[in-house]
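Examination of the molecular architecture
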Amino acid sequence: MFEPVLTRGIDRDLTRIENYVAQGGFTALTKAVRELTPQQVVEEVTRSNLRGRGGAGFPAGRKWGFLPQDGRPRYLACNADEGEPGTFKDHLLIDRNPFLLLEGIAIACYAIGAHHAFIYIRGEFLTGARILEASIAAARSRGYLGERILGGDFSLEVTVHRGAGSYECGEETALLESLEGKRGNPRLKPPFPAVAGAYGMPTVINNVETLCCVPSIVERGAAWFAGIGPAGSPGPKLFAVSGLVRRPGNYELPMGTTLRELIFQHAGGLREGRRFKAVLPGGSSSPALVEEHLDTPLDFDSVARAGSMFGSGAVMVLDDSVCMVRAAWRLAEFYRDESCGKCTPCREGTYWITAVLERLEAGGGREEDPALLEHLAGQIGTRTFCPLGDAAIGFLLSSLKYFPEEYAAHLRGETCRREVAS
Amino acid sequence: MREALMAHARDVLTRYPDPNSAMLPLLYLVQEADGWVSPAGLEEVASFLGVAPAVAESVASFYTLLQKRPVGRYVLQVCTNLSCSLLGAEHLLDHLGRKLGIGPGETTPDGLFTLQSVECLAECGQAPVLQVNLDFHSGLTPEKVDALLNALRKEAEQDV
Amino acid sequence: MINLTIDGRQTSVPEGTLVLHAARELGIDIPTFCHHARLLPFGACRMCLVEIEKAPKLQTACTTVVSEGMVVRTDTEQVRLTRQSVLEFLLANHPLDCPVCDKGGECELQDLTHRWGAPASQFREAKNRKGKALPFGPFIVMDEERCILCQRCVRFDQEVLGEGGIGLMGRGFRTRVGTFQGRPYDTPFSGNVVDLCPVGALTSRPYRFRARPWDLTSVASTCLHCSVGCAARLDARENHWVRLRGADDPAVNQGWLCDRGRYGFGFAASPERLTAPQLRRGGKLAATSWEEALDRVVQALREAGPDRVGIIGGGRLTDQEAALLHHLGRQVLGTAHLDRRAGRQLTATPHLAGGTLEDLDRAAHIVLIGCDPEETAPVLALRVRQALRRGTPVTELGPWQTYGPGHAWIPPSRWLPAVGSTATALAGLREELAGQDQPVVLVWSGEDAAVHDELARWRQAMPGARLLIVGDQPNARGAEAAGLLPGSGGRSTPELLAAAAAGDLQVLYLVGVNPALSFPDGALVREALEKVPFLVVQDLFATESARSAHALLPVAAWSEKTGSWSNLEGRHRPLAALTPAPENLPDDGGIFRELIRRLGGEVSAPLPAPAPPAAAAAYPLSTPPAAEGLRVATVELTYSGGGTVLHAPALSPVLPEAWVTLHPEEAARRDLAPGQVVELSCGDSRLTLSVRTSAQVAPGLALVPRRLPHSPDNLLTEGAAVALTPVPRKEVLP
Ligand SMILES: Cc1cc2nc3c(=O)[nH]c(=O)nc-3n(C[C@H](O)[C@H](O)[C@H](O)COP(=O)(O)O)c2cc1C
Ligand code: SF4
Ligand code: FES
């Protein structure tokens with residue numbers, strides 16, 4: 001039977017440090033700094049096969065192992081930007097389990113030898129930022145952060161840095177630029193952040209949920225963690241389910257839970273009288289999957305095999321009331337507005353795609369539009385400076401592939417409903 | 001920079017290895033004080049950090065939460081991204097517009113409300129949602145929105 | 001060396017080479033937009049995407065470094081389609097107004113579209129509208145709709161200038177390049193962004209709508225506005241000079257120019273230019289024939305005899321002309337009274353190891369002595385800025401500080417005896433740095449005899465030290481090499497002026513100099529020019545010094561003649577004629593030849609080599625008595641000097657007003673606010689100036705710009721005490 005790890009005790013007001021400590025909080029940190037060497041922590045996390053929960057799924061332990069040992073200061077940047085539409089899991093962890101995150105940050109910093117961590121939190125999470133500030137103060141007063149943590153040699157400062165409204169700042173190098181007080185344009189790689197990241201120093205960037213997995217790995221061991229869910233991408237996962245289900249919300253389940261189980265069991269299935277149409281299994285950047293994919297296990301490899309991407313594990317459910325063209329337009333507009341504007345295909349391509357979809361929506365479709373959209377998407381995908389370009393075309397291409405008749409209907413002038421869903 | 005902001009600004013600098021990192025926090029400070037980031041505010045921040053004012057403007061212009069024009073006392077930011085739209089966010093935005101007599105991006109003549117349509121606020125589990133000066137209000141219906149507007153109006157009256 | 005294959009051809013290139021350059025070496029052209037040889041790799045436009053075996057996606061050739069065994073393909077269908085699509089994206093929102101665009105015909109977007117673009121556009125949507133023809137400061141116009149956001153301009157501003165005057169504004173498809181609140185782009189290097197812009201987004205006001213590129217004839221030449229000698233390309237349309245652009249000489253200017261050089265060319269077509277020789281008759285100058293004018297000059301020179309003739313000038317001539325002038329003076333006239341100097345600069349030739357501009361890139365320490373290269377040698381200053389950014393310590397010795405707080409500044413000047421002289425400070429620095437074997441580069445104005453002597457001591461103390469002398473005359477160094485300095489027994493400029501004032505000189509011949517404005521002792525020079533019985537002035541314009549001339553000889557401009565000159569490094573700089581001189585105008589060399597011929601000399605034979613330049617004798621400039629209170633110090637500005645700068649219409653918006661800068665405490669003590677108008681008086685002389693304040697001026701000094709025609713600083717004695725009196729504002733009648 002799966003026991004929640006990330007949301008354990010979350011109804012007991014874990015923003016109070018005494019409640020967090022009472023349920024065993026900070027034992028992992030204590031164990032790490034008192035009993036383990038940094039190298040041992042890195043090895044444990046590597047063996048656990050914890051893969052990044054921010055979207056790309058890169059193994060966290062390996063990322064930590066990349067930092068050059070050259071005596072320069074190094075930093076940890078916690079990615080709390082949570083900008084991916086449909087994703088709201090980090091929000092929950094920040095607001096309701098902040099000490100778990102701080103404990104994860106402290107252990108990660110101990111492991112990589114960082115003495116300053118930054119939590120880059122999206123600007124809209126003003127409440128979350130305040131909760132984190134208060135939690136940092138509380139943890140510091142109890143010796144879990146600050147100078148000589150738990151009486152040992154390890155010291156750590158944590159700075160909460162608020163973004164100011166930009167999806168692109170979730171991309172790791174854009175995040176670093178923004179942290180350094182610049183525009184959120186991505187940086188050229190190489191050099192990779194592990195070599196020259198924040199302030200030119202070696203830097204690890206990890207998602208909130210990734211870091212929240214770390215304490216339990218240290219406490220209960222890599223083998224325990226690796227035993228949850230599929231071997232290739234194990235562990236507990238917060239699935240953020242939104243859209244047209246009866247019980248949208250966050251569900252903590254093992255990796256590898258199937259779409260069907262998540263949607264129809266946990267999230268209560270569809271609303272009265274509605275039929276399943278499609279699902280975005282990994283946030284708005286992931287291509288939609290359809291009925292035939294419902295038995296796909298939700299883990300990095302299985303979802304990729306099904307032709308989509310696991311991403312941040314945000315599941316957006318669409319029923320038969322949804323107009324796919326309008327949904328594609330809505331998302332296209334998002335990517336157009338959030339494109340940082342640095343590279344040509346993303347800046348111009350998202351403008352163009354949005355204009356075509358808007359015209360289609362308004363009844364001005366042309367015969368060649370579906371082919372044109374496919375061509376444009378093909379010339380954006382993999383050609384942009386950062387992965388935002390790929391994100392912008394995923395849903396569009398899948399809607400063209402699975403629902404060509406809806407585009408055809410628009411071309412026949414059957415203009416669609418005023419809203420995305422009726 | 002204004003004396004009142006100076007102490008704050010100096011404190012912000014201590015949190016970073018490089019003073020330029022204080023750019024966004026300082027722009028927020030100016031916005032808190034003035035309600036928006038005015039050209040004068042940009043110049044203030046730039047001179048505090050020792051950069052050209054165009055640098056501050058370039059940075060500020062990238063971020064949507066930094067207001068480039070004066071806004072109302074209450075900034076209503078309605079999420080209209082997919083998850084919220086699926087549950088009627090566009091309808092909600094129209095409803096608010098009608099109630100306030102303004103379109104997205106506009107401010108009511110009494111300076112009380114600014115209406116903005118924004119992207120996913122990461123609260124999709126309780127869609128549709130909006131923020132009032134970055135405070136979340138979720139699971140909205142037209143009735144709940146009306147009640148919210150009334151409460152805000154009342155709050156504003158009491159403050160006068 | 002790294003071995004790799006590009007399009008099936010094997011090559012090997014040094015480690016660190018970009019795929020783009022490896023391909024270009026094989027003659028395989030990969031198209032680019034954002035890439036620029038003088039800027040850091042960027043990778044944003046995506047035009048250069050190529051296939052690299054084993055890489056899952058296309059890679060940008062402009063940022064990818066070669067690796068052993070790499071296999072690159074630039075000739076595949078996928079690459080071709082990608083280029084076509086990048087162009088399609090760039091053109092989607094482009095206004096396609098090529099017929100009325102200055103860049104048409106030399107536009108990289110046009111050229112690459114022609115080569116790689118699709119036959120037709122599939123874009124049928126409403127275009128993304130942006131601003132048109134927005135002013136970007138005095139020289140530049142911005143058409144935002146044409147901008148392809150390659151960011152070359154912004155990157156230049158960040159990476160080379162380090163100023164931040166322009167930046168990206170907004171984001172996504174609304175991104176544009178802008179200045180703060182649309183205010184003027186305020187940098188003396190603004191024009192470089194026009195050279196850098198691959199499209200017609202940034203254009204030059206003086207060139208707008210003046211020509212089509214295919215109508216232009218151009219020459220590779222050098223900018224002759226200062227002693228740096230930046231490589232330049234000059235363009236003319238129907239014999240009208242319409243444009244000057246930077247050319248990339250890696251050792252000198254790396255493609256950059258300052259705005260004075262770039263936009264200062266209009267003087268050649270100025271209606272004020274002298275067109276015919278003039279002779280004074282009955283107290284008035286009147287046009288005459290060359291025949292008569294030269295006869296009269298020859299007659300005057302003959303009558304005077306070698307000892308009562310003096311020649312001042314030469315720093316604006318080509319090396320060849322300077323040699324002719326030397327020949328005319330020393331051999332034909334037999335006089336030793338030759339001096340190229342007309343102002344404060346004592347020498348242009350280093351008397352310790354001479355440096356190169358590239359030495360600034362390697363310097364372990366840079367010392368600026370009494371000069372502000374930002375004003376007098378702007379493109380040299382770009383290397384100083386780079387050095388500062390690398391963390392190279394820069395020490396400034398002088399009355400004001402250029403590089404702002406945080407850098408070493410030794411404010412004492414020779415006018416603040418309480419703190420000691422510049423030479424004393426320099427000696428202190430010498431002792432501090434002695435023993436360091438890393439290269440120290442000294443950049444000096446060439447003024448101040450005490451500094452001259454102190455520098456001689458650096459030669460022994462620090463053989464590695466290198467000296468660069470920046471001065472106001474572009475070819476001062478070439479003129480000195482040609483021997484245009486007083487020979488033994490010869491009189492220097494101040495001595496010649498004193499002799500003239502004392503009635504001890506018969507003919508004074510000024511060649512391309514305007515001592516009335518540039519010579520520090522204004523009273524002496526005015527008296528000398530008044531009193532000398534025969535004053536010959538050879539110049540482009542009727543300068544302040546020409547007012548009392550007896551013979552006025554107009555000449556060709558530097559864009560109208562061919563030859564070479566020597567920059568401050570002593571480096572040979574080519575000069576090529578772009579347009580013919582106006583009818584009836586010889587060049588300086590032509591006049592010298594004719595005078596030599598008429599005086600019975602020979603010019604066909606090779607001219608005898610001049611003696612190697614002597615370490616210029618220190619100028620006996622008058623030193624004012626020690627005094628209390630505020631003292632005058634003067635500063636050379638980019639746009640001061642009158643002459644060609646004054647007569648270039650494009651420069652009129654940036655010509656300096658007359659100001660006096662005080663330390664804020666000095667201003668406060670006198671209850672003066674910036675912008676207030678004051679009268680500055682010194683002895684009998686007065687200037688009316690507006691007050692500025694700056695903490696970067698040493699307290700105790702009243703800093704005044706030099707060589708302003710409307711406010712000549714040389715009416716004041718440098719170092720002398722001055723009084724400031726506020727001028728009451730004119731009452732505005734209701
Ligand atoms: C456009 C874009 C937006 C992103 N937004 C986020 C985000 O909001 N939060 C996040 O954790 N990762 C985001 N990522 C992924 C990060 O770049 C990075 O992979 C992640 O923070 C690494 O952490 P992890 O290894 O712990 O997952 C984004 C990536 C892209 C390309
Ligand atoms: S103005 Fe020209 S140089 Fe600057 S970004 Fe635009 S296209 Fe590039
Ligand atoms: S789509 Fe509205 S909060 Fe996510």
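Quick caveat: nothing in here was measured; it's all calculated off a predicted structure. Along each chain, the written sequence defines residue order, and numbers are assigned to residues from 1. Key to labels: chains lettered from A, ligands numbered from 1, both in the order written. With pLDDT at 70 or above as the cut-off, local features in this predicted model cover only qualifying residues; side-chain atom pairs require 80 or more to be listed or tallied, and sums for whole chains, interfaces and linings still use all residues. The side-chain values count all of the structure's non-hydrogen atoms but skip hydrogen atoms and water molecules.

Looking now at the overall build of chain C. To qualify as a helix, a DSSP run of H or I must reach at least 4 residues; to qualify as a strand, a run of E must reach at least 2; elements of each kind are numbered from the N terminus. Of regular secondary structure, chain C possesses 20 helices and 33 strands. The C-alpha radius of gyration of chain C comes to 28 Å, within 12% of the 27 Å expected for a compact globule of 734 residues. On the principal axes, the C-alpha backbone points of chain C span a range of 85 × 70 × 60 Å. Burial classes: relative accessible area under 20% of the type maximum marks a residue as buried, over 50% as exposed, and values in between as partly exposed (1.4 Å probe, protein chains only). Within chain C, the proportion of its 734 residues that are buried is 60%. When checking whether two residues touch, look at their non-hydrogen atoms; a contact exists if any pair is within 4.5 Å. In chain C, once contacts between residues fewer than 6 apart in sequence are set aside, the share between residues at least 24 apart is 73%. Calculation of accessible area relied on Shrake-Rupley with a 1.4 Å probe; when residues are assessed, cover is drawn exclusively from the protein chains displayed. Within the structure as shown, chain C displays about 28000 Å² of accessible surface, and the carbon and sulfur contribution to it stands at 52%. Here chain C contributes 75 positive and 80 negative side-chain charges, whose respective centroids are spaced 4 Å apart. The globule rule used for comparison is 2.2 Å times the number of residues to the exponent 0.38, while the radius of gyration itself is calculated over C-alpha atoms. A residue counts as positive if it is Lys or Arg and as negative if it is Asp or Glu; His and the chain ends are not included. Working definition for charges: the position is that of NZ of Lys, CZ of Arg, CG of Asp or CD of Glu.

Turning our attention to the overall build of chain B. For chain B, the count of helices and strands is seven helices and four strands. For chain B, the C-alpha atoms occupy an extent of roughly 50 × 35 × 25 Å along the three principal directions. Buried positions account for 56% of the 160 residues belonging to chain B. Put simply, 61% of the contacts in chain B that link residues at least 6 apart link residues at least 24 apart. A total of about 6600 Å² of accessible surface is found on chain B, and carbon and sulfur atoms cover 52% of it. Taking the average location of the 11 positive side-chain charges in chain B and that of its 20 negative ones, the two points are 4 Å from each other.

So, about the domain arrangement of chain C. Size of an interface, as often reported, equals the accessible area lost when the parts are brought together. Domain delimitation follows an automatic or database domain assignment. Structurally, chain C comprises domain 1 (2-75), domain 2 (278-343 + 476-598), domain 3 (357-469) and domain 4 (630-732). The C-alpha-based centres of domain 2 of chain C and domain 3 of chain C are spaced at 33 Å.

Turning next to the interface of chain B and chain A. Tallying the contact residues gives 41 residues for chain B and 58 residues for chain A. A simple way to read buried area is as the amount of 1.4 Å-probe accessible surface that goes missing from two parts once joined, with both sides added. Where chain B abuts chain A, roughly 3800 Å² becomes buried across the two surfaces, and 57% of that area is made up of carbon and sulfur atoms. Broken down residue by residue, the surface that chain B buries against chain A is led by Phe-62, Leu-82 and Leu-86 of chain B, which jointly contribute 18%. The term salt bridge refers to a pairing of a side-chain nitrogen on Lys or Arg with a carboxyl oxygen on Asp or Glu at a separation within 4 Å. Inspection of the region where chain B meets chain A yields two salt bridges. In this structure, Glu-90 of chain B and Arg-326 of chain A form a salt bridge, with 3.1 Å as the shortest nitrogen-oxygen distance. Counting of polar contacts relies on pairs of N or O atoms within 3.5 Å, with two restrictions inside protein: one atom must be capable of donating a hydrogen and the other of accepting it, and residues adjacent in sequence are counted only when both atoms are side-chain atoms. For the pair chain B and chain A, the number of links is 22 residue pairs in polar contact (both at pLDDT 80 or more).

To continue, consider the site of ligand 2. Taken together, 13 residues form the shell around ligand 2, and within it Cys-147, Cys-150, Gln-151, Cys-153 and Cys-197 of chain C come nearest. Residue polarity follows a fixed list, in which Ala, Val, Leu, Ile, Met, Phe, Trp, Tyr, Cys and Pro are nonpolar, Asp, Glu, Lys and Arg are charged, and the others, Gly among them, are polar. When its residues are assigned to classes, the shell around ligand 2 shows twelve nonpolar, one polar and no charged. One heavy atom suffices: a residue is near a molecule or strand as soon as one of its heavy atoms comes within 4 Å of it.

All names here are of chain A. Taken together, 19 residues form the shell around ligand 1, and within it Gly-54, Lys-63, Asn-79, Asn-207 and Thr-210 come nearest. Interatomic distance of 2.9 Å between a side-chain N/O atom of Asn-206 and an oxygen atom of ligand 1. In the model, an oxygen atom of ligand 1 is placed 2.7 Å from a nitrogen or oxygen of the Thr-210 side chain. For ligand 1, whose unbound accessible area comes to 610 Å², protein coverage reaches 90%. Broken down by element, the residue count for the shell around ligand 1 peaks at three residues, all from strand E4 (residues 203-207). Split into classes, the residues belonging to the shell around ligand 1 amount to four nonpolar, eight polar and seven charged.

Residue and element names in this part refer to chain A. Here the residue pair Lys-189 and Pro-190 is connected by a cis peptide bond, since its omega of -10 degrees sits within 30 degrees of zero. Along the polypeptide, Pro-190 turns up in the loop between helix H8 (172-179) and E4. Backbone geometry at Leu-150 places phi at a positive 50 degrees, although glycine is not the residue there. Within the fold, Leu-150 resides in the loop between helix H7 (126-141) and strand E3 (157-162). For Leu-150, a relative accessible area of 19% corresponds to the buried category.

Here chain C averages 93 in pLDDT, while 95% of its residues score no lower than 70. Interface confidence for the predicted complex, given as ipTM, is 0.95, next to a pTM of 0.95. Per-residue confidence from the predictor is reported as pLDDT, which spans 0 to 100.

Glancing now at empty space enclosed by the protein. Cavities and pockets are found on a 1 Å grid laid over the protein atoms alone: a cavity is a set of points where a 1.4 Å probe fits but cannot escape, a pocket is an open set with protein on both sides within 12 Å along at least five of seven lines, and a lining residue has an atom within 4 Å of such a point. Grid points are joined across faces, edges and corners, and a volume is the space filled by probe spheres set on the points. Going through the model one piece at a time under the given rule, you end up with nine cavities of 30 Å³ or more. If you add up the space inside the second largest cavity, you get close to 120 Å³. Lining of the second largest cavity is provided by 13 residues; of these, Glu-348 of chain A together with Asn-93, Lys-130, Glu-145 and Cys-147 of chain C occupy positions nearest its centre. Split by residue class, the lining of the second largest cavity holds five nonpolar, three polar and five charged.

On to the nonpolar core. Side chains of nonpolar character tend, in soluble globular proteins, to be buried together. All names here are of chain C. With 127 residues, the main nonpolar core has Val-177, Leu-380, Val-443 and Tyr-509 as its most contacted residues. Considering every element that reaches this core, the biggest residue donor is helix H7 (residues 290-304), with eight residues. If we ignore the near neighbours within four places in the chain, the residues touching Val-177 are Phe-136, Met-142, Glu-144, Cys-147, Leu-149, Cys-153, Val-154, Ile-166, Gly-167 and Leu-168. Here the nonpolar core consists of buried residues drawn from Ala, Val, Leu, Ile, Met, Phe, Trp, Tyr and Cys, with membership extended through side-chain atoms lying within 4.5 Å.

Residue and element names in this part refer to chain A. With axes taken as lines fitted to C-alpha atoms, and helix axes fitted only over the stretch in contact, angles between N-to-C directions fall between 0 and 180 degrees. Orientation of helix H14 (residues 344-361) relative to helix H17 (residues 404-411), taken along the N-to-C sense of each, is 65 degrees, at an axis distance of 9 Å. Residues Leu-357, Leu-360 and Glu-361 of H14 form the contact with H17, whose own contacting residues are Tyr-407, His-410 and Leu-411. The residue makeup of the contact of H14 with H17, split by class, is four nonpolar, one polar and one charged.

This part takes up the side chain of His-161 of chain A. Here His-161 of chain A is to be found in strand E3. Among the polar contacts listed, one links the side chain of His-161 of chain A to the side chain of Tyr-16 of chain B, at a separation of 2.6 Å.

The subject of this paragraph is the state of the cysteines. All names here are of chain C. Criterion for a disulfide: a pair of cysteine sulfur atoms within 2.5 Å. This structure, assessed with the given rule, holds zero disulfides over all chains. Here Cys-48 stays unpaired: no disulfide links it, and the sulfur of Cys-62, its closest cysteine neighbor, is 3.8 Å away. The class for Cys-48 is buried, based on a relative accessible area of 2%.

With that settled, consider the packing of aromatic side chains. Any two rings among Phe, Tyr and Trp, with Trp reduced to its six-membered ring, count as a pair given centres within 6.5 Å; such a pair is stacked if its planes are under 30 degrees apart, edge-to-face if over 60, and tilted if neither. Taken as a whole and assessed by the stated rule, the structure comprises 29 aromatic pairs over all chains. Plain terms: the ring middles of Phe-156 of chain C and Trp-256 of chain C are 4.7 Å apart, the flat faces sit at 50 degrees to each other, and that makes the pair tilted. With Phe-156 of chain C in helix H4 (residues 152-161) and Trp-256 of chain C in the loop between strand E13 (240-246) and helix H6 (259-263), this residue pair connects regions lying 100 residues apart in the sequence. Classification of Phe-156 of chain C by relative accessible area gives buried; the value is 0%. Members of the aromatic cluster, connected to one another through ring pairs, are Tyr-20, Phe-26, Phe-99 and Tyr-144 of chain A. Lysine and arginine charges are scored as sitting over a ring when NZ or CZ, respectively, is within 6 Å of the ring centre and within 35 degrees of the ring normal. Directly above the ring of Phe-239 of chain A sits Lys-237 of chain A, whose terminal nitrogen or CZ lies 5.9 Å from the centroid.

All names here are of chain C. Pairing between strands is defined by DSSP: at least two bridges between them are needed. Looking at chain direction, strand E30 (residues 677-682) and strand E31 (residues 685-693) are connected through six bridges and run antiparallel. Looking at E31, one finds that Val-678 is bridged to Leu-689. Taking the residues that link successive antiparallel strands as the turn, the E30-E31 hairpin has two residues, and the phi of Gly-683 there is positive, at about 60 degrees. Taken together, the four bridges between E30 and strand E33 (residues 723-726) define a ladder with antiparallel strand orientation. Within the sheet, the bridge partner assigned to Val-678 lies in E33 and is Pro-726.

Domain annotation of chain B identifies domain 1 (3-62) and domain 2 (74-159). Here domain 1 of chain B and domain 2 of chain B have C-alpha centroids that lie 29 Å from each other.

Where charged atoms from two side chains of opposite charge approach closely, those side chains can pair. Residues and elements named next belong to chain C. In this structure the tally under the stated criterion is 86 salt bridges over all chains. We note a salt bridge from Arg-308 to Asp-504, for which the minimum N-O separation is 3.8 Å. Here Arg-308, found in the loop between H7 and strand E16 (309-313), pairs with Asp-504, found in the loop between helix H15 (493-501) and strand E23 (507-511); they are 196 residues apart in sequence, far enough to count as distant. Overall, the relative accessible area of 30% leaves Arg-308 in the partly exposed class.

What follows covers the interface of chain C and chain B. With 13 residues of chain C at the contact, the number on the chain B side is 13 residues. Between chain C and chain B, roughly 1000 Å² of surface is buried when both sides are summed, and carbon and sulfur atoms account for 55% of that area. Taken together, the connections running from chain C to chain B amount to one salt bridge. Of the charged contacts, one joins Arg-183 of chain C and Glu-43 of chain B as a salt bridge, the two residues approaching to 3.3 Å between their closest N and O atoms. Along the contact surface separating chain C from chain B lie five residue pairs in polar contact (both at pLDDT 80 or more). Considered class by class, the residues forming the side of chain C that touches chain B number four nonpolar, six polar and three charged.

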